[in-house]
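Structural description and commentary
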Amino acid sequence: GWVGRILLIALLVGGTILAAFDLITLVFFVLHAGVGAFLIVRRPRNTTGWLLLAIAFGFVGTTTPPGLDTAALANGDGTARDIAAAWISSWSGNASFGGYLALTILFPSGRLPAGRWRRPAIAVLAVGIIVVVLGATAPTISFNPDGVNDITIHNPVAVLPGWLQPVALALP
């Protein structure tokens, strides 16, 4: 309906604003989100359009926003905005690849394959979802803002934040 189309337009405008900081991201977002939005309007029950829109936003998430203070992140003094950008960047690339995988499996009908390929397809998609969730909830985030240097910071939404911490053993 009209409410859905207004929300879709709001998503497209918001995503375009977020992608506008980088020309490659902007082109990628406009192409994927544009085709996805067209498919969503024409065939809303087909998952292909929704996957293209999700892939477009995943790519926006991997782009480092301007004004990010990498030195503060490396020192553990990053702002909430910088930490959120690093967290989103840490798992959105995996989500985009998972979206491409799902698109490959579900294209063109938007449904899982029938017959003997249904269970392997479900298993592969489940593994992709697990990889994204594990990356989003890992104890640390590996963030690469400039494509050269990795910054490792503590994950603010880690499920087991002390899991990879060294354990002090009491020896007699």
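Scroll up to find the structure this text is about.
Quick notes on the rules
Residues numbered from 1 in each chain as written. Predicted model: local features only at pLDDT ≥ 70, side-chain atom pairs only at ≥ 80, totals over all residues. Heavy atoms only, no water. Helix = DSSP H or I, 4+ residues; strand = E, 2+ residues; numbered from the N terminus. Contact = heavy atoms within 4.5 Å. Areas by Shrake-Rupley, 256 points an atom, 1.4 Å probe, with all protein chains shown as cover. Lys, Arg positive; Asp, Glu negative; His and termini not counted. Charge placed at Lys NZ, Arg CZ, Asp CG, Glu CD. Phe/Tyr/Trp six-rings, centres within 6.5 Å; stacked < 30°, edge-to-face > 60°. Lys NZ or Arg CZ within 6 Å of the ring centre and 35° of its normal. 1 Å grid on protein atoms, 1.4 Å probe; cavity = no way out; pocket = protein on both sides within 12 Å on 5 of 7 lines; lining within 4 Å. Points joined across faces, edges and corners; volume = space filled by probe spheres on them.

1. Focus on the overall build of the protein
When you go through the protein residue by residue, the secondary structure sums to six helices and two strands. N-terminal to C-terminal, the α/β element order of the protein is α-α-α-α-α-α-β-β. Oriented by its inertia axes, the alpha-carbon framework of the protein measures out at about 70 × 45 × 30 Å. For the protein, the proportion of contacts with a sequence separation of at least 24, taken over those separated by at least 6, is 51%. Accessible surface, the protein as shown: approximately 11200 Å² in total, 70% of it carbon and sulfur. If the 9 positive side-chain charges of the protein are averaged to one point and the 6 negative ones to another, these points end up 37 Å apart.

2. Some details on the packing of aromatic side chains
Here the structure, examined in full by the defined rule, presents three aromatic pairs. Ring geometry for Trp87 and Trp91: centres 5.4 Å apart, planes at 65°, overall edge-to-face. Here the residue Trp87 and the residue Trp91 both occupy positions in helix H5 (residues 80–106), the gap between them amounting to four residues, near one helical turn. The ring of Trp2 carries the charged tip of Arg5 above its face, separated from the ring centre by 5.7 Å.

3. Notes on the layout of surface pockets
Looking at the largest pocket, its volume works out to about 390 Å³. In terms of lining, the largest pocket is formed by 19 residues, of which the most central are Leu18, Val60, Gly61, Thr63 and Ile88. Breaking the lining of the largest pocket down by element, the ones donating at least two residues are helix H3 (47–62) and H5. It is H5 that contributes the most residues to the lining of the largest pocket, eight residues altogether. Estimated volume of the second largest pocket: approximately 190 Å³. Along its surface, the second largest pocket is lined by Gly1, Gly4, Arg5, Leu7, Leu8, Leu11, Ile40, Val41, Pro44 and Trp50.

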